Amino acid sequence: LAAVALAARRLASERAAWLSVATLALTESFFTVGSAVRLDVPLLLVATWPVALLARARPRAADWALAAVSTALAVLVKGPFGAVPLVAFGLGRAI
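Structural notes, computed from the coordinates.

This next bit is on the environment of Ser-29. Among the structural elements, Ser-29 can be located in helix α3 (residues 28-34). On the accessibility criterion, Ser-29 (41% relative accessible area) is partly exposed. C-alpha separation for the pair Ser-29 and Val-77, spaced 48 residues apart in sequence, amounts to 24 Å.

Written out as structure tokens, the structure reads:
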């Protein structure tokens, strides 16, 4: 809930932060599903991180290295599907 409040405050306003947290806190499935161990959240982080790193106009060498490590972690979490966002981003940039 704190992460949602922080993100909403930075992206929108204090009012948006309070509304976001209230909506999430009143959603029963957030707590029931959130208490179960799932790999979707770590996969989302490590699969989209390389795209965020390489989305710059001129990615640095360190960005490429971090993208490679992050993609490897995504593949470890979910198999070959973990590399799909980076491959799709690369294909989209090539077109």
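Here the focus is the packing of helix α4 (residues 40-54) against helix α6 (residues 84-94). One can describe the packing of α4 onto α6 by two numbers: an axis separation of 8 Å at closest approach and a directional angle of 30 degrees. Our classification of the angle between α4 and α6 gives roughly parallel. Along the contact surface, α4 presents Ala-47, Pro-50, Val-51 and Leu-54, while α6 presents Pro-85, Leu-86, Phe-89 and Arg-93. Residues that form the contact of α4 with α6 fall into these classes: 7 nonpolar, no polar and 1 charged.

This part covers helix α2 (residues 14-25). Under the 1.5 Å per step criterion, the end-to-end length of α2 is 16 Å for 12 residues, consistent within 8% with the ideal 16 Å. When α2 is considered as a whole, its buried residues turn out to be Ala-17, Val-21 and Leu-24. Around the axis of α2, the buried residues are gathered within 70 degrees of arc, so they sit on the same side. Relative to its buried face, α2 has exposed residues pointing more than 90 degrees away, namely Arg-15, Trp-18 and Thr-23.

What counts, and at which threshold
Residues numbered from 1 in each chain as written. Predicted model: local features only at pLDDT ≥ 70, side-chain atom pairs only at ≥ 80, totals over all residues. Heavy atoms only, no water. Helix = DSSP H or I, 4+ residues; strand = E, 2+ residues; numbered from the N terminus. Buried < 20%, exposed > 50% of the residue type's maximum accessible area, 1.4 Å probe, protein only. Axes fitted to C-alpha atoms, helices over the stretch in contact; angles between N-to-C directions. Parallel < 35°, antiparallel > 145°, perpendicular 65-115°, else oblique. Contact = heavy atoms within 4.5 Å. Nonpolar A, V, L, I, M, F, W, Y, C, P; charged D, E, K, R; others polar. Expected span 1.5 Å × (residues − 1). Arc of directions from axis to C-beta.

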